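Residues per chain, in single letters:
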Amino acid sequence: MGQNTAESSVSLINSSTMSNTERTFIAVKPDGVQRGLVGEIIKRFEQRGFRLAALKMVVVSEDHCKQHYIDLKALPFYAGLCSFMHSGPVVAMIWEGLNVVKNGRLMLGETNPADSKPGSIRGDLCITLGRNIIHGSDSLESANKEIALWFKPEEIIEFKSCQQAFLYE
Ligand code: IDP
Ligand code: MG
């Protein structure tokens, strides 16, 4: 197909350039790791078609958790939440793809598992608010902040997935 046809311009605008590289920060919290749900969670993001751009298992400091949840500082559960997040290993990941921030949140379900629909991660795999197994960025701005807090640039791996042409028109 010629470079200058209307069709190729439209497809460039619609897909294979910037938006397919949107990134979100997803973390399996200590309860999700302990319950053996890391594989299930990764499987859901992989099967949806998102690309894994970074992954590590870490026990982070309480200060790191306080920074991660800084927007919730004034809330009564902040201290307990930060202490729990620091209590054991977390699997931190960056996932990439079209509208991955919004779609990642939809895949997670509601903050409270009790309000989460079956089919969502929280709706299928957990029961209570304080043990809801997974974190996902709630906006592009938070995603950028969280990625910068959790990963060094050299830990983020750029590669073109062989699935690209079959996921995006
Ligand atoms: P989110 O994880 O769905 O983005 P946030 O409102 O950002 O939800 O809250 C962060 C985390 O704090 C939640 O995932 C949950 O584990 C915990 N949390 C939120 N609200 C409460 C609460 O009322 N009591 C105890 N823990 C809470
Ligand atoms: Mg949040």
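Attention in this report is confined to the structure presented alongside it. Just so we're clear, the structure is a prediction, and the values are computed from it rather than from any experiment.

Some details on the packing of aromatic side chains
Item 1. Under the defined criterion, the tally for this structure stands at 4 aromatic pairs.
Item 2. Seen from their ring centres, Phe-25 and Phe-151 are 6.4 Å apart, and the 65 degrees between their planes marks the pair as edge-to-face. With Phe-25 in strand E1 (residues 23–28) and Phe-151 in the loop between helix H8 (140–150) and helix H9 (164–167), this pair connects stretches of sequence that are 126 residues apart. Residue Phe-25 shares its accessibility class with Phe-151, and that shared class is buried.
Item 3. Chaining the aromatic ring pairs together yields one cluster made of Phe-25, Trp-150 and Phe-151.

Some remarks on the site of ligand 1
Item 1. Within the structure, ligand 1 sits among Lys-29, Tyr-69, Leu-72, Phe-77, Leu-81, Arg-105, Thr-111, Arg-122, Leu-129 and Asn-132.
Item 2. A distance of 3.1 Å separates an oxygen atom of ligand 1 from a polar atom in the side chain of Arg-122.
Item 3. Asn-132 is positioned such that a nitrogen or oxygen atom in its side chain is 2.8 Å from an oxygen atom of ligand 1.
Item 4. Starting from 520 Å² of accessible surface for ligand 1 in isolation, the protein chains cover 75%.
Item 5. In the shell around ligand 1, the residues fall into 5 nonpolar, 2 polar and 3 charged.

Reading the values: rules and limits
- Residues numbered from 1 in each chain as written.
- Chains lettered and ligands numbered in written order.
- Predicted model: local features only at pLDDT ≥ 70, side-chain atom pairs only at ≥ 80, totals over all residues.
- Heavy atoms only, no water.
- Phe/Tyr/Trp six-rings, centres within 6.5 Å; stacked < 30°, edge-to-face > 60°.
- Helix = DSSP H or I, 4+ residues; strand = E, 2+ residues; numbered from the N terminus.
- Buried < 20%, exposed > 50% of the residue type's maximum accessible area, 1.4 Å probe, protein only.
- Near = heavy atom within 4 Å.
- Polar contact = N/O pair within 3.5 Å; in protein donor to acceptor, adjacent residues only side chain to side chain.
- Areas by Shrake-Rupley, 256 points an atom, 1.4 Å probe, with all protein chains shown as cover.
- Nonpolar A, V, L, I, M, F, W, Y, C, P; charged D, E, K, R; others polar.

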